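A structural walkthrough
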Amino acid sequence: MTELVRNYIGGQWVVAASGTTANNINPATGQVIGQVVVSGAAEVQAAVEAAWAALPSWRALPGPKRGEILFRAAALLRDRAEELARVLTTEEGKALADARGEVTRAGNCLEFFAGEGRRMFGQTIPSELAHNVIYTQRVPVGVVGIITPWNFPLAIPVWKAAAALVCGNTVVFKPASLTPLCAQRLTEILIEAGLPRGVWNVVFGPGATVGDALTTHPRVAALSFTGSNEVGQRLYALGAQHRKKVQCEMGGKNALIVLEDADLDLAAAATVQGAFHSTGQRCTATSRAVVVRSVARAFTDKVLAYTHALRVGNGLEEGVQVGPLVDEKQLGSVLSYIEIGKREARLLCGGERLGGPLASGYFVAPTVFGDARPEHRICQEEIFGPVLSIIEVADFDEAIEVTNGVRYGLTSSIYTSDVSRVFRYIDRVETGILHINSPTVGGEAQVPFGGMKDTGIGGREQGTAALDFFTEWKSIYIDYTGAKRTATFY
Ligand code: NAD
């Protein structure tokens, strides 16, 4: 693989006017595996024009027909699943098993939204007036911008794209520059599935130029963003100034609660999976274990045993469970949080960059801190790497308080066998996704996905909830009385 990945605009693969390219690097080896074009505002302009031109005929196509194209895309994606998983691992780094899981999730999203093409229901609503009918209908919002991160370079673009497309919108997609091959392969699949020219356009380039041009373009009606809070909050404000509909899914600081009646072995295994698989580079990663003091020692011992048993290495090797961080910048950021953690809490394992045969990649040993306190920076800020903090609490009430005591609200989990505390947790925890006796990670295509508080704004993704972002409602009043309205109706 040493391909130049180009933009896809108006049905053509095209290079950027700048003539500049950036390297695509395998984070497990540090090797350059290809290049990607670096675009600017001119390419965004061309892509938006193409999407605008394609909009009337795409939105006029019946929903079930749009769905048929997505069903074909799902089948093509599943045919190419192993190739896609390998490409994903090669440029993003996650272990093959995780990459295969991501490809499956992408296929599920395509199938789910393909089916929505036959539903897309409105409502019939009773009128106050005799011989009057009222109904509602969903219509597409128009040209939609999609901006995505590198950590799920296939699933996140797919879950946004499938929802946007089935609703009748046309798309300009700005993928993360670190993972261009996944965006390219997805585009190939959508083309082969039969998407008409101009319906799907891809522009690679720096977030600041391409993202801003997309967010402020007068012909872009809506922007769906997933990424950091720093960028998302800025885009949300910018979008508001330009009267765009904006949806942002951002950071997480997810907690897994362990009560004294938990199955400690299950809880420890789930914690290690949530903290270290995908190298902790998941918005849903478990970064805090909040454990009732009476079982903290036994739980920590089990966590350390599972952590020591993890196989870290090049994700392309079968059996490897933890790959590298995605790039040098992320490596530096995670290592600096580890140094902060060493000052704040007690290092129980890991805490260093891995050398030897892994020295040319961006590998960090899975790291566990004990004696962590809720106010510590490692317990408040998103680290986005293989770092877990264990926080001891007195009881259930304190566990809920600690879990909620962060700015984020994406996902959480509780391990207990007490059904009444399960329901009290459901009532009180401030996260958009809740897991009972299962890890903080994972989700299904037909279920709303997203967070509360600083994690998410602008509506949920996936499930039928996603249709609310990608459509507008029309409310239609039909009067078949044939009579003039009286003044009593207002
Ligand atoms: P990022 O915010 O740096 O980048 C995300 C995307 O925005 C990329 O395509 C990037 O090029 C683009 N971008 C960067 N600067 C921009 C700007 N000024 N204007 C417009 N676009 C810009 O995030 P990242 O490092 O790629 O991803 C990691 C973050 O994503 C983490 O915070 C993680 O929690 C979050 N994330 C959240 C979810 C979720 O659903 N809540 C899912 C996955 C990742």
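All values reported here derive from a predicted model rather than from experimental measurement.

Attention shifts here to the environment of alanine 85. In this structure, alanine 85 sits in helix 3 (residues 81–92). Judged by its relative accessible area of 0%, alanine 85 falls in the buried class.

On to the packing of aromatic side chains, then. Two numbers describe a pair of aromatic rings. These are the distance of the centres and the angle of the planes. For the structure shown, the criterion picks out six aromatic pairs. Relative to tryptophan 13, the ring of tyrosine 8 lies with its centre 4.9 Å away and its plane at 55°, an arrangement referred to as tilted. Since its relative accessible area comes to 7%, tyrosine 8 is described here as buried. Ring plane angle 50° and centroid distance 5.2 Å describe the contact between tryptophan 159 and phenylalanine 449, whose orientation is recorded as tilted.

With that settled, the discussion passes to the site of the ligand. If you check the shell around the ligand, you find 28 residues, and the closest are Thr148, Ser228, Met250, Cys283 and Glu382. Between the ligand and glycine 227, the relevant distance is 3.3 Å, taken from an oxygen atom to a main-chain nitrogen or oxygen of the residue. Isolated, the ligand exposes 850 Å² of accessible area, and the fraction of that covered by the protein chains is 87%. Among the elements that line the shell around the ligand, the one with the most residues is helix 7 (residues 207–216), at four residues. Among the residues making up the shell around the ligand, the classes are represented as 15 nonpolar, eight polar and five charged.

This part is about the packing of helix 2 (residues 63–79) against helix 5 (residues 155–166). Angle between the axes and distance between the axes are the two parameters that describe a pair of packed helices. Look at helix 2 against helix 5: their axes get within 9 Å of each other, and the N-to-C directions meet at 155°. In terms of their interaxial angle, helix 2 and helix 5 are classed as roughly antiparallel. Residues Arg66, Gly67 and Leu70 of helix 2 pack against Ala162, Leu165 and Val166 of helix 5. Residue composition of the contact of helix 2 with helix 5, grouped by class: four nonpolar, one polar and one charged.

Quick look at the domain arrangement of the protein chain now. The domain architecture assigned to the protein chain consists of domain 1 (3–250 + 455–475) and domain 2 (254–436). A straight line from the C-alpha centre of domain 1 to that of domain 2 covers 31 Å. Tallying the contact residues gives 26 residues for domain 1 and 27 residues for domain 2. Together, Pro27, Trp150 and Thr455 form the three largest contributors to the area buried by domain 1 at its contact with domain 2, with a combined 23%. Applying the counting rule to domain 1 against domain 2 returns one salt bridge. Residue glutamate 318 pairs with arginine 100 through a salt bridge whose shortest N-O separation is 2.9 Å. At the junction of domain 1 and domain 2, the tally comes to eight residue pairs in polar contact (both at pLDDT 80 or more). Secondary structure elements with two or more residues in the side of domain 1 that touches domain 2: helix 3, helix 4 (96–116) and helix 8 (229–241).

So, about helix 4. In a regular helix each residue adds 1.5 Å, so 21 residues correspond to 30 Å; helix 4 covers 30 Å between its end C-alpha atoms and thus fits that length. With 15 of 21 residues buried, helix 4 is to be regarded as a mostly interior element.

Further remarks concern helix 7. Of all the residues in helix 7, the buried ones are Val210, Gly211, Ala213, Leu214 and Thr215. Tucked into the core, helix 7 has its buried residues touching helix 1 (41–60), strand 8 (143–147), strand 9 (170–174), strand 11 (220–226) and helix 8.

All chains considered together, the criterion is met by 29 salt bridges. Between arginine 185 and glutamate 3 there is a salt bridge, and its shortest N-O distance comes to 3.2 Å. Pair noted here: arginine 185 is in helix 6 (residues 180–193) and glutamate 3 is in strand 1 (residues 3–5), with a separation of 182 residues, a long-range link. In this structure glutamate 3 comes out as partly exposed when scored by relative accessible area, which is 27%. One salt bridge connects lysine 302 with aspartate 265, and the closest N-O pair in it is separated by 3.8 Å. You can see lysine 302 sitting in helix 10 (residues 293–308) and its partner aspartate 265 sitting in helix 9 (residues 264–276), a full 37 residues away along the chain. By relative accessible area, lysine 302 is classed as partly exposed at 32%. Taken together, the shared-partner salt bridges in this structure form one network comprising Glu3, Arg80, Glu83, Arg185 and Glu188.

A contiguous nonpolar surface patch, about 410 Å² in accessible area, is contributed by Val419, Phe423, Ile426, Leu434 and Ile436. Mapped by element, the contributors of at least two residues to the nonpolar patch are helix 14 (419–428) and strand 20 (433–436). Per-element tally for the nonpolar patch: the top contributor is helix 14, with three residues.

What follows covers the sheet that holds strand 1. Backbone-to-backbone hydrogen bonds pair the strands of a sheet. The strands run either parallel or antiparallel. If you walk across this open sheet you meet the three strands as 1-5-4, and the pairing is mixed. The sheet is open, and its two edges are formed by strand 1 and strand 4 (21–25), each paired on a single side. Neighbouring strand axes in the sheet, compared pairwise and without regard to direction, differ in orientation by 30° on average. When strand 1 meets strand 5 (residues 32–37), the two strands line up parallel, connected through three bridges.

With that out of the way, let us pick up the pairing of strand 4. Judged from the five bridges that link them, strand 4 and strand 5 form a sheet pairing that is antiparallel. Bridge pairing in strand 5 links alanine 22 to valine 36. If you look at the hairpin formed by strand 4 and strand 5, you'll find six residues sitting between the two strands, and glycine 30 has a positive phi there, around 75°.

Across soluble globular proteins, nonpolar side chains show a tendency to be buried alongside one another. Ranked by internal contacts, the top residues of the largest apolar core, which has 68 residues, are Phe113, Leu154, Leu165 and Trp200. Looking at this core, the element that brings in the most residues is helix 5, giving 10 residues. Taken domain by domain, the makeup of this core includes at least three residues from each of domain 1 (3–250 + 455–475) and domain 2 (254–436). Ignoring any residue separated from it by four or fewer positions in sequence, one finds leucine 165 in contact with Trp58, Arg66, Leu70, Val171, Leu195, Val199 and Trp200. In terms of nonpolar packing, the next biggest core, distinct from the first, is built from 29 residues, Leu259, Leu331, Val364 and Ile378 among them.

What counts and how
- Residues numbered from 1 in each chain as written.
- Predicted model: local features only at pLDDT ≥ 70, side-chain atom pairs only at ≥ 80, totals over all residues.
- Heavy atoms only, no water.
- Helix = DSSP H or I, 4+ residues; strand = E, 2+ residues; numbered from the N terminus.
- Buried < 20%, exposed > 50% of the residue type's maximum accessible area, 1.4 Å probe, protein only.
- Phe/Tyr/Trp six-rings, centres within 6.5 Å; stacked < 30°, edge-to-face > 60°.
- Near = heavy atom within 4 Å.
- Polar contact = N/O pair within 3.5 Å; in protein donor to acceptor, adjacent residues only side chain to side chain.
- Areas by Shrake-Rupley, 256 points an atom, 1.4 Å probe, with all protein chains shown as cover.
- Nonpolar A, V, L, I, M, F, W, Y, C, P; charged D, E, K, R; others polar.
- Axes fitted to C-alpha atoms, helices over the stretch in contact; angles between N-to-C directions.
- Parallel < 35°, antiparallel > 145°, perpendicular 65-115°, else oblique.
- Contact = heavy atoms within 4.5 Å.
- Domains from an automatic or database assignment.
- Buried area = accessible area lost by both parts, 1.4 Å probe.
- Salt bridge = Lys/Arg side-chain N within 4 Å of Asp/Glu carboxyl O.
- Expected span 1.5 Å × (residues − 1).
- Patch = residues over 30% accessible without salt bridge, like charges linked within 9 Å, V, L, I, M, F, W, Y side chains within 5 Å.
- Pairing = 2+ DSSP bridges.
- Core = buried A, V, L, I, M, F, W, Y, C linked by side-chain atoms within 4.5 Å.

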